[in-house]
Amino acid sequence: MTQQKIDAFMHELGQAVDGEVRTGLYDRLLYSTDASMYQVVPHGVLIPHTAVDIHTAVNLAALHHIPLLPRTGGSSLAGQAVNEALIIDTTRHLDQILEINAEEQWVRVQPGVVLDHLNTALAPHGLKFGPDPASSNRACLGGIVGNNSTGSHSILYGLTVDHVLEAEVVLSDGTTAHFRPLTPAELAQHQQKSGLEGHIYRQINSLVWNPANREAIRQGTPRHWRRCGGYNLARFITDGTIDHYLPLEDTRFNLAQLITGSEGTLGMMTEIKLKLVPRPACTALALLEFDDLPSALQAVPHLLETNPAAIELLDNLGLTMAQTVPSYARLLRSFMQGDPYCFLITEFYGANETELRHKLDLLQQLITRRQLRPTAVTPLLDPTQQAAVWAIRKAGLGLLMSMRSDYKPVPFIEDTAVPVRHLAEYVPRLEKFCAELGTQMIYYAHASAGCLHIRPLINLKKGDDIAKMPLIQEFALSLLHEYGGAMSSEHGDGRARSWLNKPFYGPELYGLFQEVKRTFDPHNLFNPGNIVDAPPMTEKLRYGAGYSSQPVSLQLHFAEGLDTAVEMCNGAAVCRQTQTGTMCPSFMVTREEEDSTRGRANLLRAALSGRLPPEQLTSPRMFDTMSLCVSCKACKAECPSSVDMAKIKTEFLAHYYATRRHPLRDHLFANFAPLAKLAAGPLAPVINAGSNWTLVKALLARTLGISAARALPQFARHSFHQWLSTRAQPRHGQPTRGQVLLMADAFNSYVYPEVAIAATELLEAAGYQVLVIPEVADVGRAAFSKGMVVRARNTAVFVTNALAPYAMQGIPLICLEPSDLSMLTDDYAALLPADERVPVLAQMAVSLEQFVVNTAVEGAFDGLFTNEKRTVLLHAHCHQKALVGAAPSLQALALPPNYTAVLIDSACCGMAGSFGYEAEHLDVSLKMGELRLFTAVSRASPETIIAAPGLSCRQQILHGTARPALHPAQVLRQAFSYKL
């Protein structure tokens, strides 16, 4: 196919649709990967506004013979979401829940609806969609149906095909078909239709009723019920000769069942009608810890006797990797008793807690009776603890991919499933074969259904390792034939497994698959090369034996190099979530792939590896890609692979500005501390008055790009240091608990001195002598975030010299500002990797709330607080959530006996230091706050205290809601039962 032909099609398409047609290399590279090991640059991308755009695109593609690929979240693991085609992304606009029928328990949706969003909408009705893939917070129903996905609870709910009722489908000639259950009379009528739809009904009906074909379907279909590969011809065998696990409630002819699992190869869905299931009233977990994998696998068949809702395995490597990611390490500590090699997550549903406790008792009795060998059994009935367990389980894939090495657990046999009774035999035989090739394996996932996701560790940059993959896959195929297992059990065939469909299913059934494809898509337009007529699995790899990265002279310390740091992104797309967590706040607003952590990593990797010209690494276009990264560090904590895009952005900016001048605005922010010191004091009233003048704001907007819509900082007439030097002696006299060093940053010294004053009085009331170093008002955060690495490093040296003597004496370094704490505990290691004092600083640096909570157990704050009842609504700072978590702030704010602290489920506030002051970012900044934060604050009663440790968060809350927020130091100081 010539580029001229592709260009002509794209031009005509752009003229014909209301949606966006994107053909630039950056746009195409953004859609060239999914969560698999493949990379294929598409011809272009269509973001349709309506289903009409899809009809138009398919019509034109049929006319021009251009391949098409329906795509949603791009979280596919087998490579079926990348192709040399026009990608049609439905996640931006075709993402509506069209109808919920709670009485009849069904829902009608567009393909771009995220599964978790659907379940949130269904929760008030007591319903949910049964299958629950681990990627449910970003996977969309179009992809879930296209893959025939399932999840942890497949032993209850089967596969997606068990829940698909109807589908509106655009066929390969651009016409529309409504696939639904048909009576024999209705089927006969449909076979009389003209055009492609009538042809499909005639051909498929003839195919599935041909006796020889029916026998081929029976013989070729895997015996194990957990199967999603090939085409779902087995759904048309309803005489009981094929095990469907869940009984077929409706045996009428329904082509929606054939579209399910077709991986976008037969047509494109624009609407889907799905069956729903009741939500469980109550749930409980039992965590069984084991010292070895065989003991765990041998226990699974016995555990199934207790009728659990799910049994999931997390193996040793998954546990180990979870402990390296701060947010997951904190979750692990909340429920794990010992130091197990692996554990089984066993879940039970029940009508009430009494029933659940009975089931847990029966489980314990079975363990004793069957002489199973868990080293610990932990029952969990608390929903918060259960959520922590499932968060780690759902992050399993990304955690395993976070190995900082070119050897990664690669998905190509991870989707096999065997009857549970064979698990303990299947795994050791496969492991032995891999060991003979010199390859290690890891395991996780759905033990209850015999689907143990097995991943060999493969270096996709080495030819001899790549050559092992087909050998391993062919051996796995031979075992699956022996045990009656399925090669694809929930992730589909894609590029990784389609090449084996003929030997796996046999030539007769495979021939029927080819006939299905030809019937629906005679010109092979929809996602060619998947399920049938596939290329070798080792083609179009993201890396490959010839892969290399250009060397980069680093400004920051990356232990494995910048290329490895960028390559930590495996494409799992956790950064595409929009309703939970903090990552990635800019994507939550724009919903543009480019504004996700995955999108940025993709483009940086493209520049480093030569897919983009080398000069693009520091081009203005790449700057635009990085510009909406707010350096929130959420990816470091929430991305299971710990992609540290904040650090990568600083490195990028250092290179970008190596040949350019920083804007004057950047210098202003980086020099805020000395400027604030000058502005505070006698000059403050004049400066403050002038900063509010419309003319001054307009001038700053025009010359510096500082938004005129923002209120500028109002400097203090009396600074914190002035108060410190002129105040009376502390009420409690001589300190009794030792010394602490308070980090009084520029904002809390010269703009909001009331915060530092409150912190000082709080600490002194607890019996501590508060030390302050006035010269340390800036730890380099602004310079670091703007890529001024030399300046940030010089500041780090100065601060380390000033603070190290105190840290070496064991004096706690108390930070009021979370971004200052993260500099000391995280970023200084990148600036000063060889300085042995930096780890000591990191060890001694704590937030005020951490220090308060740690010392409260010693009685430091006993008797200080009022008995008044108050509610405190907390918004946690992004860096705080990423590195420490919000728990210390919540615990500190709940120290007053009758105070209740509640955490707002919010993402980044949107101010993000200077980001929200920059005129070009104002709109995105405010929309970040509007996602969840502003709504939660606005709905709070007037008596509710709003708290936020981050000063920029407090500024944003005030701007977005007109409600002032307090630092936790102020909240606790105001809660004193007396006045100082």
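Residues numbered from 1 in each chain as written. Predicted model: local features only at pLDDT ≥ 70, side-chain atom pairs only at ≥ 80, totals over all residues. Heavy atoms only, no water.

1. Quick notes on the sheet that holds strand 19 (residues 739–743)
And then number 1: Across the sheet, which stays open at both edges, the four strands sit in the order 20-19-21-22 with parallel pairing between neighbours. Where the open sheet ends on each side, the last strands, each with one partner, are strand 20 (769–772) and strand 22 (845–847). Neighbour to neighbour, the strand axes of the sheet diverge by 35 degrees on average, direction disregarded.
And then number 2: Pairing analysis gives three bridges linking strand 19 to strand 21 (residues 813–815), with the strands arranged parallel. Bridge assignment links Leu 742 to a residue of strand 21, and that residue is Ile 814. (Pairing = 2+ DSSP bridges. Helix = DSSP H or I, 4+ residues; strand = E, 2+ residues; numbered from the N terminus. Axes fitted to C-alpha atoms, helices over the stretch in contact; angles between N-to-C directions.)

2. Here we look at the pattern of salt bridges
And then number 1: Evaluated as defined, the whole model comprises 45 salt bridges.
And then number 2: Two residues, Arg 226 and Glu 490, come together in a salt bridge whose shortest N-O distance is 3.4 Å. Note that Arg 226 is positioned in the loop between helix 9 (211–220) and helix 10 (256–259) and Glu 490 in the loop between helix 19 (468–483) and helix 20 (494–497), a separation of 264 residues in sequence.
And then number 3: Via salt bridges that share partners, Lys 633, Lys 636, Asp 644, Arg 781, Asp 826 and Asp 827 belong to a single interconnected network. (Salt bridge = Lys/Arg side-chain N within 4 Å of Asp/Glu carboxyl O.)

3. Describing a nonpolar patch on the surface
And then number 1: There is a patch of nonpolar side chains on the surface, built from Leu 668, Leu 675 and Leu 678 and spanning about 270 Å² of accessible area.
And then number 2: In this structure, Leu 678 sits in helix 30 (residues 672–679). (Patch = residues over 30% accessible without salt bridge, like charges linked within 9 Å, V, L, I, M, F, W, Y side chains within 5 Å. Areas by Shrake-Rupley, 256 points an atom, 1.4 Å probe, with all protein chains shown as cover.)

4. Considerations on the sheet that holds strand 23 (residues 870–874)
And then number 1: Within the open sheet, the three strands sit side by side as 24-23-25. Their pairing is parallel. Whereas interior strands pair on both sides, the edge strands pair on one side only; in this sheet they are strand 24 (899–903) and strand 25 (945–947). Sheet twist, expressed as the mean angle between neighbouring strand axes with direction ignored, is 25 degrees.
And then number 2: With three bridges connecting them, strand 23 and strand 25 associate as parallel partners. Bridge assignment links Val 872 to a residue of strand 25, and that residue is Ile 945.

5. Considering the state of the cysteines
And then number 1: Across all of its chains, the model carries zero disulfides by this definition.
And then number 2: Distance from the sulfur of Cys 140, which forms no disulfide, to the nearest cysteine sulfur (Cys 575) is 13 Å.
And then number 3: Of all cysteine sulfurs in the structure, the one in Cys 451 sits closest to Cys 434, which takes part in no disulfide; the separation is 16 Å.
And then number 4: Relative accessible area serves as the criterion here: at 0%, Cys 434 is assigned to the buried category. (Disulfide = S-S within 2.5 Å. Buried < 20%, exposed > 50% of the residue type's maximum accessible area, 1.4 Å probe, protein only.)

6. Regarding the pairing of strand 17 (residues 441–446)
And then number 1: Summarising burial for strand 17: six of the six residues are buried, a large majority.
And then number 2: Relative to strand 17, strand 13 (residues 310–314) runs antiparallel, the two sharing two bridges. Bridge pairing in strand 17 links Leu 314 to Tyr 444.
And then number 3: The pairing of strand 17 with strand 18 (residues 451–459) spans six bridges and is antiparallel. Its bridge partner being in strand 18, Tyr 443 is matched across the sheet by Ile 454.

7. As for the packing of aromatic side chains
And then number 1: Applying the stated criterion across every chain, the model contains 22 aromatic pairs.
And then number 2: When the centroid spacing of 6.0 Å and the interplanar angle of 50 degrees are considered together, the rings of Phe 865 and Phe 976 count as tilted. Of this pair, Phe 865 sits in the loop between helix 40 (848–856) and strand 23 while Phe 976 sits in the segment after helix 46 (968–974), and the two are 111 residues apart along the sequence. Considered together, Phe 865 and Phe 976 belong to a single accessibility category, that of buried residues.
And then number 3: Taken together, the aromatic side chains of Phe 179, Tyr 201, Phe 236, Phe 253 and Phe 520 make up a single cluster linked through ring pairs.
And then number 4: In this arrangement the basic side chain of Arg 660 is found over the ring face of Tyr 656, its NZ or CZ atom lying 3.9 Å from the centre. (Phe/Tyr/Trp six-rings, centres within 6.5 Å; stacked < 30°, edge-to-face > 60°. Lys NZ or Arg CZ within 6 Å of the ring centre and 35° of its normal.)

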